[in-house]
Amino acid sequence: MDRKEFQELLDEIIQGAEDSYEKIMQSYQVPIFHYCYHILGNRFEAEDATQEVFMRAYRHIAKYNRDVPFAAWLYKIAYHHCIDLIRKRKWLRLLPFLETKQNQSNIEQHIENTYFSEAVYRAMATLSIEERTLLFLRGVEEKTYDEIALIMNKNGASLRKKFERTAAKFRTAYSPSEKGGVTYEETKRIAREY
């Protein structure tokens, strides 16, 4: 849909047309889920996080600044929500008696094993949340540095350098074979699969 149609849709939502919000969700649900999945590393947490992102966006849609791309606004909400979830997860590790284990069926475990390779998971684990976000948004979603700067509240020029360092850090950590390391193009391909 073009910008004018989108603006009209936002006006309808603000005036209470909940059905119109479904159109927005359908447009952005898959990319937001993929982002949450790459950051959190767990399908169930990513599904819950995606729902929460859209609920928060709906609650605050009247505050949305229309000068900022809507996708950037959603990614920003997702970014902050995922950071909060990871912080909570760290507390659970510090307090093992509060931690609950999820039982996964064989099918769910197969999906997890297929989607994640151990080498990619280990390499991604060496990256900070900010680095994972940057790698995902630039390498997978192919966002511009200006768009990423809006999402992460960072300077676009510094993100370009940080991306190069992050990609190099990922390539160093990722070694599926004994030869070790991968090329820039392989890094992008791996990030898309991850």
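Throughout what follows, the structure given in this document is the object of discussion. If you're wondering where the values come from, they're calculated on a predicted model, not measured in any experiment.

1. Focus on the overall build of the protein chain
Along the backbone of the protein chain there are 10 helices and zero strands. Taking all 194 residues of the protein chain together, 42% fall into the buried category. Put simply, of all contacts in the protein chain between residues at least 6 apart along the chain, 65% involve residues at least 24 apart. Here the protein chain displays about 11600 Å² of accessible surface, and carbon together with sulfur accounts for 50% of that area.

2. Topic: unusual backbone geometry
Among all residues save glycine, negative phi is the norm, and among peptide bonds the norm is trans. Unlike most non-glycine residues, Asn153 shows phi in positive territory, near 55 degrees. Looking at Asn153, the relative accessible area reads 52%, which means it is exposed.

3. Some words on helix 1 (residues 3–14)
In a regular helix each residue adds 1.5 Å, so 12 residues correspond to 16 Å; helix 1 covers 16 Å between its end C-alpha atoms and thus fits that length. Of all the residues in helix 1, the buried ones are Phe6, Gln7, Leu9, Leu10 and Ile13. The buried residues of helix 1 occupy an angular sector of 160 degrees when projected down its axis, which confines them to one face. Once helix 1 ends, the next one or two residues include Gly16, with phi positive near 110 degrees.

4. Examining helix 9 (residues 156–173)
Taking 1.5 Å per residue as the helical rise, helix 9 with its 18 residues ought to reach 26 Å, and the 25 Å between its terminal C-alpha atoms agrees with that figure. Inspection of helix 9 places Gly156, Leu159, Lys162, Phe163, Thr166, Ala167, Phe170 and Arg171 among the buried residues, and these make up the whole buried set. Two or three places before Ala157, at the opening of helix 9, Asn155 has a side-chain oxygen 2.7 Å from that residue's backbone nitrogen.

5. Concerning the packing of aromatic side chains
Summed over the entire model, instances satisfying the criterion amount to 10 aromatic pairs. Residues Tyr28 and Phe70 carry aromatic rings whose centres are separated by 5.5 Å and whose planes lie at 55 degrees to one another, so their mutual orientation is tilted. Here the residue Tyr28 occupies a position in helix 2 (residues 18–40), and Phe70 occupies one in helix 4 (residues 70–94), the gap between them amounting to 42 residues. For Tyr28, a relative accessible area of 21% gives the class partly exposed. Ring geometry for Tyr35 versus Tyr75: centroids 5.6 Å apart, planes at 90 degrees, classification edge-to-face. Taken together, the positions of Tyr35 in helix 2 and Tyr75 in helix 4 put the pair 40 residues apart, joining distant regions of the chain. Taking relative accessible area as the criterion, Tyr35 reaches 0% and is therefore assigned buried. Between Arg43 and the ring centre of Phe44, over which it is positioned, the NZ or CZ distance is 4.8 Å.

6. Focus: the packing of helix 7 (residues 129–140) against helix 9
Remark: helix 7 packs on helix 9, axes separated minimally by 9 Å, with the N-to-C direction vectors making an angle of 100 degrees. In this view, helix 7 runs roughly perpendicular relative to helix 9, as classed from their interaxial angle. For the pair formed by helix 7 and helix 9, the contact residues are Glu130, Glu131, Leu134, Leu135, Arg138 and Gly139 on the first element and Leu159, Lys162, Phe163, Thr166, Lys169 and Phe170 on the second. Across the contact of helix 7 with helix 9, the residue classes break down as five nonpolar, two polar and five charged.

7. Looking at the side chain of His38
By the element assignment, His38 lies in helix 2. Look at His38 and you get buried, because its relative accessible area is 2%. Among the polar contacts listed, one links the side chain of His38 to the backbone oxygen of His34, at a separation of 2.7 Å.

Reading the values: rules and limits
- Residues numbered from 1 in each chain as written.
- Predicted model: local features only at pLDDT ≥ 70, side-chain atom pairs only at ≥ 80, totals over all residues.
- Heavy atoms only, no water.
- Helix = DSSP H or I, 4+ residues; strand = E, 2+ residues; numbered from the N terminus.
- Buried < 20%, exposed > 50% of the residue type's maximum accessible area, 1.4 Å probe, protein only.
- Contact = heavy atoms within 4.5 Å.
- Areas by Shrake-Rupley, 256 points an atom, 1.4 Å probe, with all protein chains shown as cover.
- Expected span 1.5 Å × (residues − 1).
- Arc of directions from axis to C-beta.
- Polar contact = N/O pair within 3.5 Å; in protein donor to acceptor, adjacent residues only side chain to side chain.
- Phe/Tyr/Trp six-rings, centres within 6.5 Å; stacked < 30°, edge-to-face > 60°.
- Lys NZ or Arg CZ within 6 Å of the ring centre and 35° of its normal.
- Axes fitted to C-alpha atoms, helices over the stretch in contact; angles between N-to-C directions.
- Parallel < 35°, antiparallel > 145°, perpendicular 65-115°, else oblique.
- Nonpolar A, V, L, I, M, F, W, Y, C, P; charged D, E, K, R; others polar.

On their own, these measurements won't tell you what the molecule is for.
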